[in-house]
Amino acid sequence: MAFITTHTVRFAEIDAAGIAFFSRIYEWSHFAYEEALASVGLPLMELLESSEVMMPLVHSEADYKAPCRLGDELSIEVVIVSSTQRSVTWRFTFTGQDGDLRGVVRFVCVPVSRDFKPVKGMPEGWVKLFEEAGLYG
């Protein structure tokens, strides 16, 4: 089971051709990431303020499959596809209300201390929360 949220494409998010500007899919992915973290009890703001471990983004990629247009209601599925001692890879799958795949985004994050020194893997408490929520895909 993955975390799933939705987003409706708004007028301010489209270009003159009526298609969502390419970078919007990254914004929507980050919104979904924040919602997924909050859903397991790890609100991003709280993590940024008090966690000893941070997970900065070091790589991202997007595969665009079909345009996102004004009014489209997108379903965004969030899963962790890989978790090692060195990195965590998140996948965001965008599907339109018609069931068509619109795009897939991947974020690779690395666990570091507050002074940006590498640490080995995510905190065990986080792993347990993600497992219980079914976020591993």
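Predicted, not measured: the structure shown is a model, and the values here were computed from it.

Cut-offs used in this document
- Residues numbered from 1 in each chain as written.
- Predicted model: local features only at pLDDT ≥ 70, side-chain atom pairs only at ≥ 80, totals over all residues.
- Heavy atoms only, no water.
- Pairing = 2+ DSSP bridges.
- Helix = DSSP H or I, 4+ residues; strand = E, 2+ residues; numbered from the N terminus.
- Expected span 1.5 Å × (residues − 1).
- Buried < 20%, exposed > 50% of the residue type's maximum accessible area, 1.4 Å probe, protein only.
- Phe/Tyr/Trp six-rings, centres within 6.5 Å; stacked < 30°, edge-to-face > 60°.
- Arc of directions from axis to C-beta.
- Contact = heavy atoms within 4.5 Å.

Visitor: Tell me about the pairing of strand β4 (residues 73-83), and name the residues and values.
Guide: Two strands pair when backbone bridges link them, and strand β1 (residues 3-8) and β4 are joined in this way by six bridges, in the antiparallel orientation. The residue bridging Thr8 from the neighbouring strand is Glu73, located in β4. Pairing of β4 with strand β5 (residues 88-95), which is carried by eight bridges, proceeds in the antiparallel orientation. Counted as the bridge partner of Ser82 is Thr89 from β5. The turn linking β4 back onto β5 is made up of four residues.

Visitor: With reference to specific residues and values, describe helix α1 (residues 24-39).
Guide: Between its terminal C-alpha atoms α1 stretches 22 Å, which fits the 22 Å expected from 16 residues at 1.5 Å a residue. All of the buried residues in α1 are Ile25, Trp28, Ser29, Ala32, Tyr33, Ala36 and Leu37. The first or second residue beyond α1 is Gly41, which carries a positive phi of 90 degrees.

Visitor: Outline the packing of aromatic side chains, supporting the account with residue identities and numerical values.
Guide: Taken as a whole and assessed by the stated rule, the structure comprises six aromatic pairs. Their ring planes at 50 degrees and their centres at 6.3 Å tell us that Trp28 and Phe94 sit as a pair that is tilted. Here the residue Trp28 occupies a position in helix α1, and Phe94 occupies one in strand β5, the gap between them amounting to 66 residues. The pair Trp28 / Phe94 is uniform in exposure class, with both members buried. Seen from their ring centres, Tyr33 and Phe107 are 6.5 Å apart, and the 75 degrees between their planes marks the pair as edge-to-face. Here Tyr33, found in helix α1, pairs with Phe107, found in strand β6 (residues 101-109); they are 74 residues apart in sequence, far enough to count as distant.

Visitor: Pulling in residues and values, what's your account of helix α3 (residues 124-132)?
Guide: All buried positions along α3 are accounted for by Trp126, Val127 and Phe130. Projection of α3 onto a plane perpendicular to its axis shows the buried side chains occupying an angular sector of 100 degrees, all on one side. Facing away from the buried side of α3 by over 90 degrees, the exposed positions are Glu124, Lys128, Glu131 and Glu132. The secondary structure elements touched by the buried residues of α3 are α1, α2 (44-50), β2 (53-54), β4 and β5.

Visitor: So what's going on with unusual backbone geometry? Which residues, and what values?
Guide: If you check the backbone angles, Phe116 has positive phi at about 65 degrees while not being a glycine. The topology assignment puts Phe116 in the loop between β7 (112-113) and α3. A residue is classified by how much of its surface remains accessible, and Phe116, at 53% relative accessible area, is exposed.

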